[in-house]
Amino acid sequence: MLASKGTAVSDCRVTRTLFSPCKISHIPVVSFGRKSSLKAYSAKMELSITRPDDWHLHLRDGDVLKAVVPHSAHHFGRAIVMPNLKPPITTTAAAVAYREEILKSLPADSDFNPLMTLYLTDTTSPMEIKLARESQVVFGVKLYPAGATTNSQDGVTDLFGKCLPVLQEMVEHNMPLLVHGEVTNPEVDMFDREKVFIETVLSPLVQKFPRLKVVMEHVTTMDAVKFVESCTEGFVAATVTPQHLVLNRNSLFQGGLQPHNYCLPVLKREIHREALVSAVTSGSKRFFLGTDSAPHDRRRKECSCGCAGIYNAPVALSVYAKVFEKANALDKLEAFTSFNGPDFYGLPRNNSKIKLKKAPWKVPESFSYASGDIVPMFAGEMLDWLPSPL
């Protein structure tokens with residue numbers, strides 16, 4: 001398990017800052033949420049909600065898996081686990097084996113349930129979709145355009161030319177397609193890749209397969225919000241990360257290059273961040289929690305060619321709570337974290353509860369494991385919503 005560094009709790013200051021070896025001035029996050037959902041006692045507040053699930057999670061394997069899975073298991077009942085390992089999880093047999101590795105890495109008293117996915121390739125067969133559905137452990141198929149993100153080199157090169165039989169089989173078995181929504185054409189600007197993907201791939205896909213369940217993962221733009229809202233409810237939905245709700249693209253550069261704020265899809269303009277906040281706090285059933293928590297060793301982030309990914313599992317619920325509080329929408333937090341995801345996937349909601357207490361806590365500077373250390377989102381900063389099991 002990860003050993004944390006720098007965990008002392010101090011004052012109640014909450015900040016939205018840029019976190020890296022470079023020190024910069026803090027940008028305070030303020031405002032108070034609706035009190036109707038909160039119980040006040042001794043100048044403290046707490047919120048009880050159905051145990052959330054994480055509908056987009058990277059756990060890696062080996063020592064990193066053993067180090068990070070306890071953080072997710074502590075807060076979430078289930079998680080859709082991404083298949084972009086080396087080699088990728090392309091078969092049901094590999095998914096079953098990976099699930100066993102995850103279960104063996106959990107704390108002894110954990111009831112965390114990993115929901116597995118397959119990595120779609122140009123050669124995935126329709127029979128594999130049937131096997132995946134029959135396994136009762138695979139709950140989605142992940143579309144990575146080849147070269148779009150970490151370990152996506154084996155992804156799809158021609159969705160409509162090579163994957164139509166598989167997509168039709170997914171419709172037949174009600175198997176969701178989980179989409180990394182970016183084109184990889186080097187001529188398309190990095191900040192426009194989601195918009196172009198919607199126009200050239202996702203919109204035609206939904207028109208061709210209107211009964212295919214699609215999750216547009218980690219949406220980052222107002223274009224994605226508008227697209228999801230325009231589709232038939234129950235067939236197209238989106239996950240939203242903590243980082244895309246509280247950071248914009250300035251967070252990559254203020255005070256120096258900030259490697260621990262680098263993720264894919266990349267952070268966007270402030271107008272897009274605001275659109276995401278409006279979407280998730282509106283009460284819409286089309287959006288739900290997906291952290292895209294993506295651990296990398298510090299040395300792979302702080303280098304000349306750093307990896308994309310933000311490790312947010314230890315802080316995600318605290319950040320989401322702050323977003324909803326600031327938007328005066330704490331009464332809608334539970335639906336986003338705990339109801340919309342299982343409802344879309346056709347799974348039962350969790351029976352257990354967690355508590356979110358308005359109490360200051362300090363995020364560790366890093367977490368050590370056998371081969372190095374991992375820097376979390378908001379490293380060394382104070383957050384003011386503390387989650388714990390009930």
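Thresholds applied
Residues numbered from 1 in each chain as written. Predicted model: local features only at pLDDT ≥ 70, side-chain atom pairs only at ≥ 80, totals over all residues. Heavy atoms only, no water. Helix = DSSP H or I, 4+ residues; strand = E, 2+ residues; numbered from the N terminus. Areas by Shrake-Rupley, 256 points an atom, 1.4 Å probe, with all protein chains shown as cover. Buried < 20%, exposed > 50% of the residue type's maximum accessible area, 1.4 Å probe, protein only. Pairing = 2+ DSSP bridges. Right-handed = clockwise from strand over helix to strand, strands pointing away. Salt bridge = Lys/Arg side-chain N within 4 Å of Asp/Glu carboxyl O.

A. Spatial organisation of the overall build of the chain. In terms of helices and strands, the chain carries twelve helices and 17 strands. Accessible surface, the chain as shown: approximately 15400 Å² in total, 52% of it carbon and sulfur.

B. Inspection of the pairing of strand 7 (residues 78-81) at higher detail. Burial along strand 7 is two-sided: R78 and I80 facing one way and A79 and V81 facing the other are all buried. Looking at chain direction, strand 6 (residues 54-57) and strand 7 are connected through two bridges and run parallel. Within strand 7, the residue paired with L57 across the bridge is V81. Once the chain exits strand 6 it traverses helix 1 (residues 62-75) before rejoining the sheet at strand 7, and the crossover so formed is right-handed. Two elements, strand 7 and strand 8 (residues 113-119), share three bridges in a ladder whose sense is parallel. Bridging from a neighbouring strand, R78 pairs with N113 of strand 8. Handedness of the crossover is the feature at issue here: the chain leaves strand 7, passes through helix 2 (residues 92-105), returns alongside strand 8, and the resulting connection is right-handed.

C. Molecular detail of the pattern of salt bridges. Per the counting criterion, the structure on display carries 16 salt bridges. D111 serves as the salt-bridge partner of R51, at 2.8 Å between the closest nitrogen and oxygen. One end of the pair, R51, is in the loop between strand 5 (44-50) and strand 6; the other, D111, is in the loop between helix 2 and strand 8, with 60 residues separating them in the sequence. Look at R51 and you get buried, because its relative accessible area is 10%. Two residues, D331 and K332, come together in a salt bridge whose shortest N-O distance is 3.7 Å. K332 sits in the partly exposed class, given a relative accessible area of 23%. The structure contains a network of salt bridges with shared partners spanning K322, E325, K358 and D384.

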